[in-house]
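Chain and residue survey
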Amino acid sequence: GDSVTQMEGPVTLSEEAFLTINCTYTATGYPSLFWYVQYPGEGLQLLLKATKADDKGSNKGFEATYRKETTSFHLEKGSVQVSDSAVYFCALILRDSNYQLIWGAGTKLIIKP
Amino acid sequence: SAVISQKPSRDICQRGTSLTIQCQVDSQVTMMFWYRQQPGQSLTLIATANQGSEATYESGFVIDKFPISRPNLTFSTLTVSNMSPEDSSIYLCSVLDRAQIMAFFGQGTRLTVV
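Now for a look at the structure at hand. Just so it is clear, the structure is predicted and the values come from calculations on it, not from any experiment.

Cut-offs applied
Residues numbered from 1 in each chain as written. Chains lettered and ligands numbered in written order. Predicted model: local features only at pLDDT ≥ 70, side-chain atom pairs only at ≥ 80, totals over all residues. Heavy atoms only, no water. Core = buried A, V, L, I, M, F, W, Y, C linked by side-chain atoms within 4.5 Å. Buried < 20%, exposed > 50% of the residue type's maximum accessible area, 1.4 Å probe, protein only. Helix = DSSP H or I, 4+ residues; strand = E, 2+ residues; numbered from the N terminus. Contact = heavy atoms within 4.5 Å. Salt bridge = Lys/Arg side-chain N within 4 Å of Asp/Glu carboxyl O. Buried area = accessible area lost by both parts, 1.4 Å probe. Polar contact = N/O pair within 3.5 Å; in protein donor to acceptor, adjacent residues only side chain to side chain. Phe/Tyr/Trp six-rings, centres within 6.5 Å; stacked < 30°, edge-to-face > 60°. Pairing = 2+ DSSP bridges. Axes fitted to C-alpha atoms, helices over the stretch in contact; angles between N-to-C directions. Disulfide = S-S within 2.5 Å.

On to the nonpolar core, then. One finds A:Trp103, B:Trp34 and B:Phe105 to be the most contacted residues of the largest nonpolar core, which totals 47 residues. At six residues, the largest contribution of residues to this core is made by strand β9 (residues 89–97) of chain B. Once residues lying within four places of it in the same chain are set aside, the contact partners of A:Trp103 are A:Val4, A:Tyr36, A:Leu44, A:Phe89, A:Cys90, A:Ala91, B:Tyr35, B:Ser42, B:Leu43 and B:Phe105. Listed in part, the 28 residues of the second largest apolar core include A:Leu13, A:Phe73, A:Val80 and A:Cys90.

In structure tokens form, the structure reads like this:
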């Protein structure tokens, strides 16, 4: 079935380190792909999205490229800050299946000063 | 983008009681969803709230435990009934914008049952 797989956390990095959080998906049809972020004690916020192959979503220094050939949507940031500490969720929407939203398990990111 | 107001933001409740969570959207939306997020876990869809008809529940969730109302296109409520400590979770309201192909979320309700 359709699914999203993220790398397990927690991921612990030092400030200014390079970040990659892996996300791969399995889906029929052509999904739209998303990264959501959940800061401590808050709801979910959309971080970035991509709606078709080779699209790059970007926001707040984060980037992710929709790779159809590898069915991936890895999240990257060149230099993380302590304020980036949060839980990051990869997700997809299947337009062909009544806009069903499928979530990854989430990856907790801890940035140390 | 849709702005969603969800309340209460948190509550501590006695077991056996019920809590109703409200979700107000600043625009008319067709699709509204209720999720549960247990501590340290991802989101689990409870149900899709349909305007003018009964909600559609996911496997493992039943109307008697989680009754939902959707009186109009901007408002919905989720009630957690006859609560037990296992119901302690964050409950999230979400709407889907089909045109933008995006989901928006309320701030969540952090429920603790003692």
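What follows picks up the thread again.
In this section: the pattern of salt bridges. Residues and elements named next belong to chain A. Taken as a whole, this structure holds four salt bridges over all chains when the rule is applied. Of the charged contacts, one joins Lys56 and Glu63 as a salt bridge, the two residues approaching to 3.6 Å between their closest N and O atoms. On the basis of relative accessibility, which here comes to 51%, the residue Lys56 falls in the exposed class. Across the salt bridge formed by Asp84 and Lys77, the nearest N and O atoms sit 2.8 Å from each other. Each member of the pair, Asp84 as well as Lys77, carries the same accessibility label: buried.

So, about the interface of chain A and chain B. Facing 19 residues of chain A, the contacting portion of chain B comprises 17 residues. Regarding the contact of chain A and chain B, the summed buried area is about 1600 Å², with carbon and sulfur atoms giving 59% of it. Contact with chain B buries surface across chain A, with A:Leu44, A:Tyr99 and A:Trp103 losing the most and accounting together for 32% of the total. Taken together, the connections running from chain A to chain B amount to zero salt bridges. Inspection of the region where chain A meets chain B yields five residue pairs in polar contact (both at pLDDT 80 or more).

Another aspect to go through is the environment of A:Gly61. By secondary structure assignment, the location of A:Gly61 is in the loop between β7 (56–59) and β8 (62–65). Taking the C-alpha atoms as reference points, A:Gly61 and A:Pro10, separated by 51 residues in sequence, lie 21 Å from one another.

Tallied over the entire structure, the rule returns 11 aromatic pairs over all chains. Centre to centre, the rings of A:Tyr36 and B:Phe105 are 5.6 Å apart; their planes meet at 85°, and the pair counts as edge-to-face. Highlighted residues: A:Tyr36 in strand β5 (residues 32–38) and B:Phe105 in strand β10 (residues 102–105), drawn from two different chains. When its relative accessible area of 0% is taken as the criterion, A:Tyr36 is described as buried. Measuring from ring centre to ring centre gives 6.2 Å for A:Trp103 and B:Tyr35, while their planes differ by 90°; the resulting arrangement is edge-to-face. With A:Trp103 in strand β11 (residues 100–103) and B:Tyr35 in strand β4 (residues 31–37), the pair connects residues from two separate chains. Here the two residues A:Trp103 and B:Tyr35 agree in accessibility, since each one is buried. Ring pairing ties together the aromatic residues A:Phe34, A:Tyr36, A:Phe89, A:Trp103, B:Tyr35 and B:Phe105, which thus form one cluster.

For the rest of this paragraph, the subject is the sheet that holds strand β9 (residues 75–77) of chain A. Residues and elements named next belong to chain A. Across the sheet, which stays open at both edges, the four strands sit in the order β3-β9-β8-β7 with antiparallel pairing between neighbours. Two strands close off the open sheet at either side, each with one partner strand: β3 (19–21) and β7. Pairwise comparison of adjacent strand axes, ignoring direction, gives a mean angle of 20° for this sheet. Relative to β8, β7 runs antiparallel, the two being bridged by four bridges.

Counting through the fold element by element, B:Ser42 comes out in the loop between β4 and β5 (43–49). A distance of 2.6 Å separates the side chain of B:Ser42 from the backbone oxygen of A:Gly104, its partner in a polar contact.

Attention now moves to the state of the cysteines. Evaluation of the coordinates by the stated rule reveals two disulfides over all chains. The side chain of A:Cys23 participates in a disulfide bridge whose partner is A:Cys90; the two sulfur atoms lie 1.9 Å from each other. With the S-S bond torsion at -70°, the cross-link from A:Cys23 to A:Cys90 turns out left-handed. Here the residue A:Cys23 occupies a position in strand β4 (residues 23–26), and A:Cys90 occupies one in strand β10 (residues 86–94), the gap between them amounting to 67 residues. Through a disulfide, B:Cys23 is tied to B:Cys93; the S-S separation comes to 1.8 Å. Here the S-S torsion is close to -65°, and the disulfide linking B:Cys23 with B:Cys93 is therefore left-handed. Of the two residues, B:Cys23 sits in strand β3 (residues 19–25) while B:Cys93 sits in strand β9, which places them 70 residues apart along the sequence.

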